[in-house]
Amino acid sequence: MPDWASSRLPRYNSSGIQVVSDPYKNKDERPIKFVVTIDSKITESIPARNTDGSVYLKFDLGGLPDGIYTASVKAVNRKGVESTPATYSFKKDGTEVVPFAPSPPKHKIGPSRTYQGHLKD
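Residues numbered from 1 in each chain as written. Predicted model: local features only at pLDDT ≥ 70, side-chain atom pairs only at ≥ 80, totals over all residues. Heavy atoms only, no water.

**Observations regarding the overall build of the protein**
Condition: By definition, any uninterrupted DSSP run of H or I lasting at least four residues is a helix, any uninterrupted run of E lasting at least two residues is a strand, and each is numbered from the N terminus. Buried means the residue's accessible area, taken with a 1.4 Å probe over protein chains only, is under 20% of the maximum for its type, while exposed means over 50%, and partly exposed covers the values in between. Contact between two residues is taken to exist if any of their heavy atoms lie within 4.5 Å; hydrogens are not considered. What sets the accessible areas is the Shrake-Rupley method with a 1.4 Å probe; for residues, cover comes only from the shown protein chains.
Across its full length, the protein carries zero helices and twelve strands. Along the protein, from the amino end to the carboxyl end, the secondary structure elements read β-β-β-β-β-β-β-β-β-β-β-β. Across the 121 residues of the protein, 32% fall into the buried class. For the protein, long-range pairs separated by at least 24 residues make up 48% of all intrachain contacts whose partners lie at least 6 apart in sequence. When the accessible area of the protein is evaluated, it comes to approximately 8,100 Å², of which 51% is carbon and sulfur surface.

Right, here's the structure in full:
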């Protein structure tokens, strides 16, 4: 199955904030559902269909309150085979959704007899 991670990140359009994948054109690889997990809440999503018969993920994020989230998505085919999950984190603020990466932790250098210590980037 194609990896949905190559899809576009969440975006806002007239229908709201959505995650939209690239289309699955190959009939044998078309998923029958997507399993979307956002912060441990699992939801199944039926693929949307293009006029050429290809299918794609179209998942609404509009109902989420503002905050920082981690999402993972798996495509499931007719045989029940699941794709490798694609995972990303994002921050939702009103109608804006942007990728989110936490700041790397700072390393503390401990004090010594002659040095008081400090945080190192």
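**Regarding the pattern of salt bridges**
Spelled out, the test is: Between Lys or Arg on one side and Asp or Glu on the other, a salt bridge is scored when a side-chain nitrogen of the former is within 4 Å of a carboxyl oxygen of the latter.
In the structure shown here, the tally under the stated rule is three salt bridges. Two residues, Lys74 and Glu82, come together in a salt bridge whose shortest N-O distance is 2.9 Å.

**Observations concerning the packing of aromatic side chains**
We count it as follows: By convention, a stacked pair of Phe, Tyr or Trp rings (six-membered ring in the case of Trp) has centres within 6.5 Å and planes under 30 degrees apart, an edge-to-face pair has planes over 60 apart, and any other such pair is tilted.
Counted by the stated rule, this structure contains three aromatic pairs. Taken together, a centroid distance of 5.9 Å and an interplanar angle of 55 degrees make the contact between Tyr24 and Phe34 tilted. Of this pair, Tyr24 sits in the loop between strand E2 (16-20) and strand E3 (33-38) while Phe34 sits in strand E3, placing them ten residues apart in sequence. Taking relative accessible area as the criterion, Tyr24 reaches 3% and is therefore assigned buried. An aromatic cluster of three or more residues is present, and its members are Tyr69, Tyr88 and Phe90.

**Describing the nonpolar core**
How we decide: In these notes, a set of buried Ala, Val, Leu, Ile, Met, Phe, Trp, Tyr and Cys residues joined through side-chain atoms within 4.5 Å is what counts as a nonpolar core.
One finds Phe34, Val36, Ile38, Leu57, Phe59, Leu61 and Phe90 to be the most contacted residues of the largest nonpolar core, which totals 17 residues. At the level of elements, E2, E3, strand E8 (67-76) and strand E9 (86-93) are the ones that each hand at least two residues to this core. Looking at this core element by element, the count peaks at four residues for E8. Setting aside anything within four residues of it in sequence, one finds Ile38 in contact with Phe59, Leu61, Leu64, Tyr69, Thr70 and Ala71.

**Thoughts on unusual backbone geometry**
Although it is not a glycine, Asp39 adopts a positive phi angle of roughly 45 degrees. Along the chain, Asp39 turns up in the loop between E3 and strand E4 (41-45). A relative accessible area of 41% means that Asp39 is categorised as partly exposed. We note that Ser40 has phi near 75 degrees; this positive angle belongs to a residue other than glycine. Assignment of secondary structure puts Ser40 in the loop between E3 and E4. Relative accessible area serves as the criterion here: at 69%, Ser40 is assigned to the exposed category.

Purely geometric stuff here, so don't read any function into it on its own.
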